[in-house]
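# Observations on the model geometry
For reference, the chains in residue letters:
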Amino acid sequence: MRPVRAALTVLLACAASALGCDESEAPPWDGSYVPMEERGDWVDPGPLSTCRVLRDGTAPCGSLDSFDLSGCKARTLEKLERAGVFRAELRYEPAESTAQTSPRVGGGGFKLAANGLPELVFGAPRASAVWTSRTLLISGREGDTLYTFVGCNAVNERVLTGCFSVCRNEQLVDAATFRAERMSRFKGESEAWGGLKLLSASLVEAGAPVDVHVTGGHAHVISENRPGRPGGLTVFDVSEPRAPVAVGRLGAPEGSDWRSATSVEGMLYVVTANTGIAVVDISEPSRPTFVRSVPGGPVQVSGASVDRDRLYVTVESPEPGTLLFDISTPGEPRLMESVTLGKMAPDRLYAGRSATTHGGRLYLNHQRDGFKVADISHPDKVSLLGTYMYPYGNSSASVVGTFAGRAVAFELGRGVGARLRVLEVSTPSNIVKIGEYGLRHVVSPRNLELRGSRLYLTYHQEGLRVLDMSHPTQPRELAGFNTYRETDPGRGDGVDEGAAGLDVPGDGHVYVVDTARGLLVLNEP
């Protein structure tokens, strides 16, 4: 067993079991815990396969002869399933002349049609394919860049190891070994369990749906741009959850790419990848109206959170920062001068994916700089209280609750090896990991919501998972729904495919958006 997965063995066994874990009542948590070792999202296992990418330039880059397959067991490739979507963990190999203290890790994938031919390779259209009983080579090309996967050993019918290369203008620019898994359900796992039932599924025409926000009996679905499919907002009347009706649409303004949303008093605040926060009037659901963008200019925003009359906005560029807006007049957010995009300084609250508030504190997901806690009791003196970091981390989302008198944060990473961390944050200067939950190494979690002691989690190709967190040191899976299907029209091979956005508004239903299937409405278990 690979070390990075050792701590998750029991959880994985529960998730993969058709019967699930013992659901007998456990004694209430008394607040005690044993600190867990932090090893990061990824622990280097060494090369993931026995092949090598040749760097001598004697063979055309990306060709079969540009790989050394002499150490492979080619006969094992006969048993590999030749259809579906495979997601891969990539361990990049530095050139011999490169001084590097630790290897890079990344994700990739490919999609095979029912006839075995690749439809997508690393997100690019097929360039070439060689697949015989003992040879597997597939390539995709995007402009002047060629992405190539070569199989070396099939661990079983759904798991493959091999080598990967990236060539640009026929020159090698990246080389890696990989381990890929087909994105099928765990053995014995059904579409739904634990009382979750799908009530309806509604396609979304705009772009790729990535977030949903429910208010006033309407689900507001945000779609990001995809080639040939501009994103925007689709409003569904969900007063009848078994038959949602699309009642309003609004395209993103030209040049804008929408990603997620929150709201207050008839105003939707849309996070964009390049134009700040888009303020949209949703007081008439059938006529959503773009009002303005704040703070103005080409600003890349990654998250937004509302706390009473304040809007907290996390910014990635042109300079990382945290913006605080006064929204006492919801349609006219006013930037408070205490938190700006000012000069970088050691005590600044640099932002990452998202922000959430709890008990007078702001919790920031800071990507590779970790998870941060700030004091916001005095808006003119926002101060950093503590940080939690881990190797190969990409902190992306969090929620916070109070359990046994302790402040407990549930923090998600994103990318290869990412999982849910349970953090005791009562003393921000000494944040302690007390629990964790994760599924397949090649699949990334995405979003989460806490309702009482239940944690709802979207997990891309793993669908929706519902965890009992009444004992935060022992996350227990209660229910789940596999939203992901390989054959859905428009399904890609990327890490962000599958269950993405999530809202559990307290109306007895769970609203999930899947990048291909659109808006899914389920009963709350």
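Remember, predicted model here, so these are calculated numbers, not experimental data.

## Points about the overall build of the protein
- Scanning the protein from terminus to terminus reveals one helix and 39 strands.
- For 525 residues, the compact-globule estimate of 2.2 N^0.38 gives 24 Å, and the protein sits close to it at 23 Å.
- The principal-axis extent of the C-alpha atoms belonging to the protein is close to 65 × 55 × 50 Å.
- Taking as baseline every contact in the protein between residues at least 6 positions apart, the subset at least 24 positions apart corresponds to 53%.
- Of the charged side chains in the protein, 54 are positive and 62 negative; the average position of the first set lies 4 Å away from that of the second.

## Some thoughts on the nonpolar core
- In this structure, F410, L420, Y437, L448 and L455 are the most contacted members of the largest nonpolar core, which totals 26 residues.
- Only β29 (395–403), β30 (406–413), β31 (420–424), β32 (432–437), β33 (447–451) and β34 (454–458) provide two or more residues apiece to this core.
- Judged by nonpolar contacts, the second largest core, of 22 residues, contains Y92, A124, F149 and L160.

## Topic: the packing of aromatic side chains
- On inspection of all chains with the given rule, the structure shows ten aromatic pairs.
- Ring centres of Y363 and F371 lie 6.0 Å apart, and the angle between their planes is 15 degrees; on these two criteria the pair is classed as stacked.
- In this structure F371 comes out as buried when scored by relative accessible area, which is 0%.
- Ring-pair connections join several aromatic residues into one group, and the members of that group are F86, F110, F122, Y147, F149, F164 and F178.
- Here the basic side chain of R104 rests over the ring of Y92, its NZ or CZ set 4.2 Å away from the ring centre.
- R440 extends its terminal NZ or CZ atom over the ring of F186, reaching a point 4.8 Å from the ring centre.

## Structural notes on empty space enclosed by the protein
- If you walk through the whole model with that rule in mind, you get two cavities of 30 Å³ or more.
- Roughly 40 Å³ of volume is contained in the second largest cavity.
- In terms of lining residues, the second largest cavity is bounded by Q367, R368, D369, G370, M389, Y390, G393, N394 and S395.
- Grouping the constituent residues of the lining of the second largest cavity by class yields two nonpolar, five polar and two charged.

## Describing the sheet that holds β29
- What the four strands build is an open sheet, ordered β29-β30-β31-β32; its pairing is antiparallel. Strand pairing shows two members of the sheet lacking a second neighbour, β29 and β32, which therefore form its edges. Looking at each pair of strands side by side, their axes are set apart by 25 degrees on average, direction ignored.
- One ladder, built from five bridges, connects β30 with β31; its direction is antiparallel.

## Remarks on the confidence of the model for the protein
- Here the protein averages 90 in pLDDT, and 90% of its residues register 70 or above.
- Across residues 1–23 the pLDDT falls below 50, and counting only partners more than four positions away or on other chains, this stretch makes 43 contacts in the model.

## Focus on the pattern of salt bridges
- Per the stated rule, a full pass over the model turns up 31 salt bridges.
- Close ionic contact of K433 with E38 constitutes a salt bridge, the shortest N to O distance being 3.6 Å. Taken together, the positions of K433 in strand β32 and E38 in the loop between α1 (9–16) and β1 (52–53) put the pair 395 residues apart, joining distant regions of the chain.
- Note on K433: relative accessible area 3%, which makes it buried.
- When the shortest N-O distance is used, the salt bridge between D44 and R91 registers 2.6 Å. Residue D44 is found in the loop between α1 and β1, and its partner R91 is found in strand β3 (residues 84–92); the two are separated by 47 residues along the sequence.
- D44 gets classed as partly exposed once you look at its relative accessible area, which sits at 33%.

## Topic: the environment of D380
- Within the secondary structure, D380 is located in the loop between β27 (371–375) and β28 (383–388).
- According to the relative accessible area criterion, D380 is exposed, its value standing at 57%.
- Between the C-alpha atoms of D380 and M336, which are 44 residues apart in sequence, the distance is 8.4 Å.

## Concerning the environment of A127
- Residue position: A127 is located in strand β6 (residues 124–131).
- Once the C-alpha coordinates of A127 and G140 are considered, the two residues, 13 residues apart in sequence, prove to be 4.7 Å apart.
- Here A127 is in contact with S139, G140, R141 and L146, once residues within four sequence places are set aside.

## Some details on the sheet that holds β33
- Strands sit in the order β11-β36-β35-β34-β33 across an open sheet of five strands; the sheet is antiparallel. Looking at the sheet topology across the chains shown, the edges are occupied by β11 (192–193) and β33.
- The pairing of β11 with strand β36 (residues 476–481) spans two bridges and is antiparallel. Within β36, the residue paired with A192 across the bridge is F481.

## Let's talk about the environment of G57
- Along the chain, G57 falls in the loop between β1 and β2 (67–68).
- It is 9.8 Å that separates the C-alpha atoms of G57 and E170, two residues lying 113 residues apart in sequence.

## What about the pairing of strand β18 (residues 267–272)?
- Along β18, six of the six residues are buried, which leaves the element largely enclosed by surrounding structure.
- The two faces of β18 match: M267, Y269 and V271 on one face and L268, V270 and T272 on the other face are all buried.
- Of the pairings in the sheet, the one linking strand β17 (residues 258–264) to β18 comprises six bridges and is antiparallel in character. Along β18, the bridge assignment pairs W258 with T272.
- Here β18 runs beside strand β19 (residues 277–281); their pairing, made up of five bridges, is antiparallel.

## Remarks on the state of the cysteines
- Scanning all chains against the criterion turns up three disulfides.
- Two residues share a disulfide in this structure: C51 and C163, whose sulfurs sit 2.3 Å from each other. Here C51 and C163 share a disulfide; its torsion about the S-S bond, 115 degrees, makes the bridge right-handed. With C51 in the loop between α1 and β1 and C163 in strand β9 (residues 159–168), the pair connects residues that are 112 residues apart, well separated along the chain.
- The buried category is assigned to C51, whose relative accessible area is 4%.

## Quick word on the side chain of D326
- In this fold, D326 is placed in strand β23 (residues 321–326).
- Residue class for D326 comes out buried when judged on its relative accessible area of 15%.
- Excluding residues within four positions of it along the chain, D326 makes contact with D309, E332, P333, R334 and M336.

Definitions and limits used
- Residues numbered from 1 in each chain as written.
- Predicted model: local features only at pLDDT ≥ 70, side-chain atom pairs only at ≥ 80, totals over all residues.
- Heavy atoms only, no water.
- Helix = DSSP H or I, 4+ residues; strand = E, 2+ residues; numbered from the N terminus.
- Rg over C-alpha atoms; globule rule 2.2 N^0.38 Å.
- Contact = heavy atoms within 4.5 Å.
- Lys, Arg positive; Asp, Glu negative; His and termini not counted.
- Charge placed at Lys NZ, Arg CZ, Asp CG, Glu CD.
- Core = buried A, V, L, I, M, F, W, Y, C linked by side-chain atoms within 4.5 Å.
- Buried < 20%, exposed > 50% of the residue type's maximum accessible area, 1.4 Å probe, protein only.
- Phe/Tyr/Trp six-rings, centres within 6.5 Å; stacked < 30°, edge-to-face > 60°.
- Lys NZ or Arg CZ within 6 Å of the ring centre and 35° of its normal.
- 1 Å grid on protein atoms, 1.4 Å probe; cavity = no way out; pocket = protein on both sides within 12 Å on 5 of 7 lines; lining within 4 Å.
- Points joined across faces, edges and corners; volume = space filled by probe spheres on them.
- Nonpolar A, V, L, I, M, F, W, Y, C, P; charged D, E, K, R; others polar.
- Pairing = 2+ DSSP bridges.
- Axes fitted to C-alpha atoms, helices over the stretch in contact; angles between N-to-C directions.
- pLDDT = per-residue confidence, 0-100.
- Salt bridge = Lys/Arg side-chain N within 4 Å of Asp/Glu carboxyl O.
- Disulfide = S-S within 2.5 Å.

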